[in-house]
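The residues making up each chain are set out below.
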Amino acid sequence: MKSASTLERPGAGDPAPSSTLRRPSFWARVGGTAYDHRGRVLVAWIAVLVAVFGSVGLIGASTESSFDTPDSESARGFEILQENFGSAGSFISGSLVFEAPAGIDDPEVVAAMTAIFEAVEDYDEVTVTSPYDPAGAQQGLVSPDETIAYATLSFTEDTDEIRASEIGGEIAELVEANTADVDGLRVEIGGAALGEFEPPESELIGVAFAIVILVLAFGSVLAMGLPIGVALFGVGIGVGTITLLTNVMTIPDFATTLGAMIGLGVGIDYALFIVTRYREGTRAGLDKRTAVVTAIDTAGRAVVFAGATVVISLLGMFVMGLSFINGLATGAAVTVAITMVASVTLLPALIGFAGERVETTRWRGLIMAGAASLGLFGVGLGFPILGMLGLIVLVGTLVASFFVPKLREALPTRPQKDLRDTWSYRWSRFVQSRPWPMAIGVSIFLLVVSLPVLGLRLGFGDESTFADGTTTREAYDLLADGFGPGSNGPLLLTAEITDPAQVAAIRDVVAELNDTPGVAQALGPIPSESEQAVLIRVVPETGPQDAATSDLVNTLRDDVLPAATAGVGVDVLVTGSVASSIDFSTYLSARLPVFFFAVLSLSFLLLMMVFRSVLVPLKAVIMNLLSIGGAYGIVVAVFQWGWGISLLGTGSGPIEPFLPMMLFAIVFGLSMDYEVFLLSRVKEEYDRSGDAANSVADGLAATARVITAAAAIMVVVFGSFVLEDARVIKMFGVGLASAVFLDATLVRMLLVPATMELLGEKNWWLPMWLDRVLPTLNVEGGHHDVVVGGSAPTSDRDQT
């Protein structure tokens, strides 16, 4: 057996390597081992995939989206409610809203609705407060004209969102069965938790477009299939792992969709870089094994570096100390980590199976790829006939290829241009000849696009953001018509009672609340069975997501309640889902600057260690801030201000408080990948030639096609998720797609060459004292006898 230090052993049937690797790195050994034992590696990944999904089938999932904020007033209020009012303290709740033109006391209406309420009450997880019950009368569940009423549904604390959604579907069947014969009776099911969960299909649209883009970028169907296959393995195992983790930690229901979105994008992106490097190696004369090892030792390093940066940034959100944020960060980080590992282990194995066929495209393969893209696109859009058509064409082409020789013929290989004959080289020189106008113009444009961030308001959207026609949105509108918009998110005020005399003081508090501007109605006090606590139900004049409602909560806490209870010895707490959401948003808002500073500092230090420069990482941080600022601006303009929101099938409202943090961590990791991929090529050319101007153009020319293809795939994959039902997923899709688009076009194609030209050799300046103490982080790989990817002979330093 040969020594591992030589990395010379070829795979079965391979020719002897034409070049050797001196001092093989860890990543070179990883690539070589995966290539040599490709059968075992593939079987291991398949086994993991089967094991994960088998475990999911046996164990199931349990998602939760409660916004528990430590040491907050709403959290203390929920504890009192749970101890004294049972399920009234649960974060998951819903309602059954009904309208009867004949009046809710019509005998047929009463019989039908009572039957529904009794059937729902049979669920162990649900407590129903009916408008026909005395307790319901106390809470004002009947509209003034007595044509609209609603029952509140409170769930036990251990009910997760999956179970709540199942119950919601069963309630819908009960409603249909019991109201079909009652003329004019309309019943809607309120509460986001009771809405029907639709499995995401938008990723199929992303895969469909990725097929087309990869075929155009590679000119090879098999080369296209490698990144797709790796991404699907990573996403499949990642989503399954997230599902299993929901049983041991708090993870929201949309985390799997978010994980699929991010995993699919980065999985294709990472594999694209490695496959591109591999093909450059084979075209430069390397044998297959050495080309694989070289690709993993160069592009693979950059992939691990970028992926690890994303994972570390995401897991950094654990410092927030919120279980909801921890679960969201874990879900995204797990998927990125798994796709990253797949890119440097599974991908070399798949390349080993593909062999020289990576460079060959036959007519049948091209037609079958087009058919697969068409079919996936149709299924993703909800047109199964297109999916069937794509399948028919795919199978028909495969069968026909056995009888039609033309289909088995290979397409001519795309001729390779010298780098300095490409449009990207000419574009870079064009930008470099006008560095000041380009730098200033693009910076001003990105700053203008970022301006909406100044009006950013963090908070949670209510049910008014659901699509028109859904029962959740219809229930919201019906409640607003009968009781005012505030009825969709009443505030729950609670207090512990130690002296019966305090109840009289609480009644005075209720009277004061009814005289408070912004309060439509205050009902109570409602005593608990033990008479040790009371509940006051306050209906604001404005909806749950309105800024005026947040102002009302602050006014009650800071002014009204302290004055009304002075000297009484009673502490009235404002809680409920609306107050809890406000506390959660306030808590995160106060900590966002610290998180942003930590990610920026990490990015700066890592890039300074990689490029041995002060100005390059400083520019990278500033440019990334411009691109993420532009993405934030677009998200605010669309989802908060409502520009074009109707096209997305949702409503405007505040921006979810965790979204800026998640976008920041993910986008900085993705842009780090592009930064390393582009600037390491620029540095390679500068080290070889000493020409600061042409090194920028040569580096851009060598990487432009890959960066463009990777960005296009990301934009399409992320953008396709705007077709999902959940508003938060739409926001992530628009935010990530916008950030990647701005980063890959305005930043990489305009700002980078312009600023590099302006600074010249100063780009690579590093004080000597800092050079001595600063650790070196090598993401460019070791020294290789054959260097690939340049238009002219390059140094022996093969960089990504």
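Shown above is the structure to which this text applies.
So, a few notes on the structure that sits alongside this text. (Residues numbered from 1 in each chain as written. Predicted model: local features only at pLDDT ≥ 70, side-chain atom pairs only at ≥ 80, totals over all residues. Heavy atoms only, no water.)

### So, the overall build of the protein
Right, so step 1: Summing up its helical and strand segments, the protein has 25 helices and eight strands in all.
Right, so step 2: Taking 28 Å as the expected radius of gyration for a compact globule of 800 residues, we find that the protein reaches 30 Å, a close match to that expectation.
Right, so step 3: Viewed in the frame of its principal axes, the protein has a C-alpha envelope of about 90 × 70 × 50 Å.
Right, so step 4: In the protein, once contacts between residues fewer than 6 apart in sequence are set aside, the share between residues at least 24 apart is 79%.
Right, so step 5: Split by element, the accessible area of the protein, about 31,600 Å² in all, is 61% carbon and sulfur. (Helix = DSSP H or I, 4+ residues; strand = E, 2+ residues; numbered from the N terminus. Rg over C-alpha atoms; globule rule 2.2 N^0.38 Å. Contact = heavy atoms within 4.5 Å. Areas by Shrake-Rupley, 256 points an atom, 1.4 Å probe, with all protein chains shown as cover.)

### Quick word on the side chain of S343
Right, so step 1: Within the element layout of this structure, S343 appears in helix α11 (residues 323–354).
Right, so step 2: When its relative accessible area of 0% is taken as the criterion, S343 is described as buried.
Right, so step 3: Polar side-chain contacts of S343 include one of 2.8 Å to the backbone oxygen of T339.
Right, so step 4: The contacts of S343, once residues within four sequence positions are left out, are V230, G267, Y270, A271, I274, I296, V303 and P348. (Buried < 20%, exposed > 50% of the residue type's maximum accessible area, 1.4 Å probe, protein only. Polar contact = N/O pair within 3.5 Å; in protein donor to acceptor, adjacent residues only side chain to side chain.)

### Remarks on the nonpolar core
Right, so step 1: L314, I325, F639, F658, M662, F718 and F732 are the most contacted members of the largest nonpolar core, which has 168 residues in total.
Right, so step 2: If one sorts the elements of this core by residue count, helix α24 (residues 727–759) sits on top with 19 residues.
Right, so step 3: In this structure, V109, A112, F155 and L194 belong to the second largest nonpolar core, which totals 28 residues. (Core = buried A, V, L, I, M, F, W, Y, C linked by side-chain atoms within 4.5 Å.)

### Description of the packing of helix α19 (residues 547–564) against helix α20 (residues 577–611)
Right, so step 1: Between α19 and α20, the least distance of the axes is 10 Å, while the angle of their chain directions is 90 degrees. It follows from the interaxial angle that α19 and α20 lie roughly perpendicular. Where α19 abuts α20, its residues T549, S550, V553 and R557 lie against V578, A579, I582 and D583.
Right, so step 2: In the contact of α19 with α20, the residues fall into four nonpolar, two polar and two charged. (Axes fitted to C-alpha atoms, helices over the stretch in contact; angles between N-to-C directions. Parallel < 35°, antiparallel > 145°, perpendicular 65-115°, else oblique. Nonpolar A, V, L, I, M, F, W, Y, C, P; charged D, E, K, R; others polar.)

### So, the packing of aromatic side chains
Right, so step 1: Considering all chains together, one arrives at 19 aromatic pairs under this definition.
Right, so step 2: Taking 6.4 Å as the distance between ring centres and 50 degrees as the angle between the ring planes, the aromatic pair formed by F117 and Y132 counts as tilted. Of this pair, F117 sits in helix α4 (residues 107–121) while Y132 sits in the loop between β2 (126–129) and α5 (134–138); the two residues are 15 residues apart in sequence, bridging distant segments of the chain.
Right, so step 3: You can call F117 buried: its relative accessible area is 5%.
Right, so step 4: Classification of Y132 as partly exposed rests on a relative accessible area of 25%.
Right, so step 5: Between F324 and F584, the ring centres sit 5.6 Å apart and the planes meet at 90 degrees, which makes this aromatic pair edge-to-face. Placement of F324 in helix α11 and of F584 in helix α20 is noted, with a sequence separation of 260 residues between them. (Phe/Tyr/Trp six-rings, centres within 6.5 Å; stacked < 30°, edge-to-face > 60°.)

### A look at the pairing of strand β5 (residues 491–496)
Right, so step 1: Counting buried residues in β5 gives five out of six residues, a clear majority hidden from the surface.
Right, so step 2: Where β5 and strand β7 (residues 533–540) come together, six bridges link them in antiparallel fashion. Counterpart to T494 in the pairing with β7 is L535.
Right, so step 3: When β5 meets strand β8 (residues 573–575), the two strands line up antiparallel, connected through three bridges. In the strand pairing of β8, T494 is matched with L573. (Pairing = 2+ DSSP bridges.)

### Comments concerning helix α9 (residues 255–283)
Right, so step 1: Between the first and last C-alpha of α9 there are 42 Å, a value that for 29 residues agrees with the 42 Å anticipated at 1.5 Å per step.
Right, so step 2: A large share of α9 lies buried, amounting to 27 of its 29 residues.
Right, so step 3: Looking at the residues trailing α9, positive phi occurs at G285, about 105 degrees. (Expected span 1.5 Å × (residues − 1).)

### Some details on the sheet that holds β8
Right, so step 1: Strand order in the open sheet formed by four strands is β6-β7-β5-β8, with antiparallel pairing between adjacent strands. In this open sheet, the two strands that pair with only one neighbour each are β6 (519–527) and β8. Recorded for the sheet is a direction-independent mean angle of 25 degrees between the axes of neighbouring strands.
Right, so step 2: Helix α3 (residues 73–85) rests against β5, β6, β7 and β8 of the sheet, and its axis sits at about 90 degrees to β8.

### Some points on the packing of helix α15 (residues 423–432) against α24
Right, so step 1: Where α15 contacts α24, the axes come no closer than 8 Å and their chain directions differ by 55 degrees. Between α15 and α24, the interaxial angle falls into the category oblique. Note that α15 runs across α24; the crossing there is right-handed. In contact with W423, W427, S428, R429, V431 and Q432 of α15, α24 contributes M749, L750, P753, A754 and E757. (Left-handed = near helix turned anticlockwise from the far one by under 90°.)

### So, the sheet that holds β2
Right, so step 1: As summarised here, the arrangement of the four strands in space is β2-β3-β1-β4, forming an open sheet in which the pairing is antiparallel. Each of the sheet's edge strands pairs with one partner strand only, and the pair in question is β2 and β4 (186–190). The sheet shows a mean angle of 20 degrees between the axes of neighbouring strands, taken without regard to direction.
Right, so step 2: The sheet contact formed by strand β1 (residues 93–99) and β4 spans five bridges and is antiparallel. Its bridge partner being in β4, V97 is matched across the sheet by E188.

### A look at α24
Right, so step 1: Residue V747 marks the point of greatest curvature in α24, where the axis turns by about 45 degrees.
Right, so step 2: With 28 of 33 residues buried, α24 lies mostly within the body of the structure.
Right, so step 3: G760, located one to two residues past α24, shows a positive phi value of around 60 degrees. (Bend = angle between axes of the 7 residues up to and from the residue.)

### Focus on the pattern of salt bridges
When the charged atoms of two side chains with opposite charge come close together, those side chains can pair.
Right, so step 1: By the definition in use, this model includes 21 salt bridges.
Right, so step 2: The shortest N-O distance in the salt bridge between D477 and R473 comes to 3.3 Å. With D477 and R473 both in helix α17 (residues 471–483) and four residues apart, the pair spans about one turn of that helix.
Right, so step 3: Under the relative-accessibility criterion, D477 is labelled partly exposed at 27%. (Salt bridge = Lys/Arg side-chain N within 4 Å of Asp/Glu carboxyl O.)

### Here we look at unusual backbone geometry
Right, so step 1: Located in the positive-phi region is E146, a residue other than glycine, with phi close to 60 degrees.
Right, so step 2: In this fold, E146 is placed in the loop between α5 and β3 (148–155).
Right, so step 3: At R612, a position not held by glycine, the phi torsion is positive, near 50 degrees.
Right, so step 4: Summarising the element assignment, R612 is placed in the loop between α20 and α21 (615–640).

### Let's talk about a nonpolar patch on the surface
Right, so step 1: Residues M388, L391, I392, V395, L398, V399, F402, F403 and V404 make up a contiguous nonpolar surface patch of about 890 Å² in total accessible area.
Right, so step 2: With respect to the element layout, I392 can be found in helix α13 (residues 384–400). (Patch = residues over 30% accessible without salt bridge, like charges linked within 9 Å, V, L, I, M, F, W, Y side chains within 5 Å.)

### Looking at a negative patch on the surface
Right, so step 1: Residues E118, E121, D122, D124 and D133 make up a contiguous surface patch of negative charge.
Right, so step 2: Along the polypeptide, D122 turns up in the loop between α4 and β2.
Right, so step 3: Judged by relative accessible area, D122 falls into the exposed class, the value being 62%. (Lys, Arg positive; Asp, Glu negative; His and termini not counted. Charge placed at Lys NZ, Arg CZ, Asp CG, Glu CD.)

### Observations concerning the environment of D771
Right, so step 1: By the secondary structure assignment, D771 is in helix α25 (residues 768–773).
Right, so step 2: Relative accessible area serves as the criterion here: at 38%, D771 is assigned to the partly exposed category.
Right, so step 3: Discounting residues that sit within four places of it in the chain, D771 has contacts with R612 and L766.

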